[in-house]
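A structural walkthrough
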Amino acid sequence: EIMPSLVGSEMCIRDRCGVIGILFNVLLFIGKFLAGTLSNSIAITADAFNNLSDAGSSIVTLLGFKLAGAKPDTEHPFGHGRMEYVSGLVVAAVILIMAVELIQDSIRKIIHPEATECSALIIVILLISIAVKLYMTFYNRRVAKKINSAAMRATAMDSLSDSITTSVVLITTLIAEFTSVNIDGYCGVAVGLFILYGG
């Protein structure tokens with residue numbers, strides 16, 4: 001009688017973490033996409049889509065868990081466990097397509113560089129993004145330790161790598177603002193490759 005309640009409790013915690021992650025990532029996407037549009041920066045825009053891919057991954061993973069947990073029926077006497085793999089494949093395909101598009105756009109920016117803009121608003125958005133991702137790192141680590149979840153530990157590491165990526169984008173933005181060096185396209189390619197690797 002104890003075991004099912006423990007499993008149910010862990011599922012509730014995992015679901016809550018998933019929903020929080022989705023909300024944060026959607027908000028970060030909106031903020032960064034706005035910053036990328038205002039600054040004409042492909043690196044910031046690529047970073048925004050990195051957050052969107054994280055949100056999409058979380059949504060499909062949660063749906064995959066729900067579908068995989070469905071009880072066996074006449075057409076699926078062994079259950080629906082493989083739905084988790086199918087949902088993972090869908091996420092991977094979407095992320096790969098997105099990454100290739102971003103890399104292509106970034107290469108075009110390298111070949112035909114355009115000036116980027118920087119403002120206090122853009123810097124604040126990027127700093128908030130870094131802070132949120134660091135918070136998500138520690139939050140997911142704490143939850144992973146509590147329920148002994150390898151998946152949550154992986155999510156924590158993903159959040160940490162996202163905060164590092166955004167830090168690189170911020171540095172690139174500041175370099176372009178205070179020097180004549182424009183490495184926006186190169187940074188966009190780097191972020192695109194990071195998303196590709198994730199896919």
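Heads up: these notes are all about the structure in this document.

Parameters at a glance
- Each residue is numbered by its place in its chain's sequence as written, counting from 1.
- With the structure being a predicted model, the display of local features is reserved for residues of pLDDT at least 70 and the display and counting of side-chain atom pairs for 80 or more, all residues being used for whole-chain, interface and lining totals.
- Side-chain numbers here rest on the full set of heavy atoms in the structure, without hydrogens or water.
- Helix and strand definitions follow DSSP, with helices as H or I runs of at least four residues and strands as E runs of at least two, each counted in order from the N terminus.
- Summary of the burial criterion: residues with accessible area below 20% of their type's maximum are buried, those above 50% are exposed, and those between are partly exposed, where the area comes from a 1.4 Å probe applied to protein chains only.
- The contact criterion used is simple: two residues touch if any of their non-hydrogen atoms lie within 4.5 Å.
- Surface accessibility in these figures is a Shrake-Rupley result with a 1.4 Å probe; residues are shielded only by whichever protein chains are displayed.
- Here is the rule: rings of Phe, Tyr and Trp (six-membered ring for Trp) pair when centre to centre is within 6.5 Å. Planes less than 30 degrees apart are stacked, more than 60 are edge-to-face, and the remainder are tilted.
- A residue counts toward a patch only above 30% relative accessible area and without a salt bridge, and it is joined to like-charged neighbours within 9 Å or, for Val, Leu, Ile, Met, Phe, Trp and Tyr, to nonpolar neighbours within 5 Å.
- What counts as a salt bridge is simple: a side-chain nitrogen of Lys or Arg found within 4 Å of a carboxyl oxygen of Asp or Glu.

Moving on to the overall build of the protein chain. Scanning the protein chain from N- to C-terminus turns up six helices and zero strands. Along its sequence from the N terminus, the protein chain presents helices and strands in the succession α-α-α-α-α-α. Counting all 199 residues of the protein chain, 39% fall into the buried class. For the protein chain, the share of sequence-separated contacts (at least 6 apart) that also reach a separation of at least 24 residues comes to 73%. Of the roughly 11400 Å² of accessible surface on the protein chain, 72% is carried by carbon and sulfur atoms.

What you tend to see is this: most non-glycine residues have negative phi, and most peptide bonds are trans. For N40, which is not glycine, the phi dihedral falls at a positive 60 degrees. As for its placement among the helices and strands, N40 is situated in the loop between α1 (2–39) and α2 (42–68). For N40, a relative accessible area of 32% gives the class partly exposed.

The next thing to look at is the environment of V19. Here V19 shows up in helix α1. C-alpha of V19 to C-alpha of A55: the two residues are 36 residues apart in sequence and 9.1 Å apart in space.

This part covers the packing of aromatic side chains. Centre-to-centre distance and the angle between the planes together describe a pair of aromatic rings. For the coordinates displayed, the defined rule picks out five aromatic pairs. Centroid distance F29 to F49: 5.3 Å. Interplanar angle 65 degrees. Geometry classified as edge-to-face. Of this pair, F29 sits in helix α1 while F49 sits in helix α2, and the two are 20 residues apart along the sequence. Residue classification places F29 among the buried residues on the basis of a relative accessible area of 16%. Between Y135 and Y139, the aromatic rings sit 5.9 Å apart at their centres with planes inclined by 15 degrees, giving stacked as the arrangement. Of this pair, Y135 and Y139 both sit in helix α4 (residues 120–147), separated by four residues, roughly a single helical turn. Classification of Y135 as partly exposed rests on a relative accessible area of 43%. In this structure Y139 comes out as buried when scored by relative accessible area, which is 12%. A network of ring pairs unites the aromatic residues F24, Y135 and Y139 as a single cluster.

Let's shift gears to a nonpolar patch on the surface. Taken together, the side chains of I171, I175, V181, I183 and Y186 present a nonpolar region at the surface, about 420 Å² in accessible area. Locating I183 in the fold gives a position in the loop between α5 (150–178) and α6 (184–198). With relative accessibility at 30%, the residue I183 sits in the partly exposed group.

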